[in-house]
Amino acid sequence: ELYALPQFSQITRQIWVEGWSAIGSWQGTSLADFLKRIGADTRAKYVWFKCAEGYTNTIDMPTALHPQTQMTFKYANQILPRAYGYPMKIRIPTKLGFKNPKYVVAMEVTNDYKGGYWEDQRYNSFSGS
């Protein structure tokens, strides 16, 4: 059902906290459009993600609604490789790599800040531009 949603492509640069970066072509649907489609309260403060490998992440609602924030299903017009987060990755080009959750299995719109794996290791929760 997610693959049937309207999709867009973007070529963006991803920057990792270690200092390296890469440019790639990603395809998927707008997280903002998805949240609106399901009737999520976009006045809430956060979106929390649970991933298959136990990783969690929280982003603020302005980041979730940013036009470049994408529920990504493909890389270079091919089904997203497992190493890149199959079946779905949240791509946030305005944030460092660790803020882009892979293997997403659930999300929750909430007013409670739930932290995340890296934030629990004392990484900055904003980590972006």
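Right, let's walk through the structure included here.

Focus: the overall build of the chain
Scanning the chain from N- to C-terminus turns up two helices and eight strands. Tracing the chain from N to C terminus, the helices and strands come up as β-β-α-β-β-α-β-β-β-β. Taken over C-alpha atoms, the radius of gyration comes to 14 Å for the chain, in line with the 14 Å a tight globule of 129 residues would show. Overall, the C-alpha framework of the chain stretches about 35 × 35 × 25 Å when taken along its three principal axes. In the chain, buried positions account for 43% of the 129 residues. Put simply, 59% of the contacts in the chain that link residues at least 6 apart link residues at least 24 apart. Carbon together with sulfur atoms contributes 52% to the accessible area of the chain, which is approximately 7100 Å² in total. Side chains of the chain give 15 positive and 10 negative charges; the mean places of these two sets differ by 5 Å.

Examining the pairing of strand β1 (residues 8-15)
Two strands pair when backbone bridges link them, and β1 and strand β2 (residues 21-30) are joined in this way by eight bridges, in the antiparallel orientation. Bridging across to β2, isoleucine 15 finds its partner in serine 21. Joining the antiparallel neighbours β1 and β2 is a turn of five residues, in which glycine 19 adopts a positive phi near 105°.

Describing the pattern of salt bridges
It is possible for side chains of opposite charge to pair when their charged atoms get near one another. This model, assessed by the stated rule, comprises four salt bridges. Between glutamate 119 and lysine 99 there is a salt bridge, with the nearest N and O atoms lying 2.5 Å from each other. With glutamate 119 in the segment after β8 (104-110) and lysine 99 in the loop between β7 (89-91) and β8, this residue pair connects regions lying 20 residues apart in the sequence. On the basis of relative accessible area, glutamate 119 is assigned to the buried category, the value being 10%.

Quick look at the sheet that holds strand β3 (residues 46-51)
An order of β4-β3-β8 is seen for the three strands of this open sheet, with the pairing classed as antiparallel. Only two strands of the sheet have a single partner each, and these edge strands are β4 (56-60) and β8. Between one strand axis and the next, the sheet turns through 20° on average, direction left out of account. Note that β3 and β8 share six bridges and pair antiparallel. By the bridge assignment for β8, tryptophan 48 is matched with glutamate 108.

Section: the nonpolar core
Judged by nonpolar contacts, the single largest core of 19 residues is most densely connected at Leu31 and Leu35. Mapped by element, the contributors of at least two residues to this core are α1 (31-37), β3, α2 (61-64) and β5 (70-75). Apart from the residues lying within four places of it in its own chain, the contact partners of leucine 35 are Ala40, Thr42, Val47, Met61, Ala64, Leu65, Met107 and Val109.

Focus on the packing of aromatic side chains
Under the counting rule described, the total for this entry stands at ten aromatic pairs. Centroid distance tyrosine 3 to phenylalanine 73: 5.0 Å. Interplanar angle 45°. Geometry classified as tilted. Here phenylalanine 73 lies in strand β5 and tyrosine 3 lies in the segment before β1, a separation of 70 residues in the sequence. Assessed through its relative accessible area of 39%, tyrosine 3 is described here as partly exposed. Taking the relative accessible area as the measure of exposure, phenylalanine 73 reaches 1% and is therefore buried. Pairing tryptophan 16 with tryptophan 20 gives two aromatic rings, centres 4.1 Å apart and planes at 10°, and the pair type is stacked. The class of tryptophan 16 is partly exposed, set by a relative accessible area of 26%. For tryptophan 20, a relative accessible area of 47% corresponds to the partly exposed category. Clustering of aromatic rings is evident, with ring pairs tying together Tyr55, Phe98, Tyr117, Trp118 and Tyr123.

Parameters at a glance
Residues numbered from 1 in each chain as written. Predicted model: local features only at pLDDT ≥ 70, side-chain atom pairs only at ≥ 80, totals over all residues. Heavy atoms only, no water. Helix = DSSP H or I, 4+ residues; strand = E, 2+ residues; numbered from the N terminus. Rg over C-alpha atoms; globule rule 2.2 N^0.38 Å. Buried < 20%, exposed > 50% of the residue type's maximum accessible area, 1.4 Å probe, protein only. Contact = heavy atoms within 4.5 Å. Areas by Shrake-Rupley, 256 points an atom, 1.4 Å probe, with all protein chains shown as cover. Lys, Arg positive; Asp, Glu negative; His and termini not counted. Charge placed at Lys NZ, Arg CZ, Asp CG, Glu CD. Pairing = 2+ DSSP bridges. Salt bridge = Lys/Arg side-chain N within 4 Å of Asp/Glu carboxyl O. Axes fitted to C-alpha atoms, helices over the stretch in contact; angles between N-to-C directions. Core = buried A, V, L, I, M, F, W, Y, C linked by side-chain atoms within 4.5 Å. Phe/Tyr/Trp six-rings, centres within 6.5 Å; stacked < 30°, edge-to-face > 60°.

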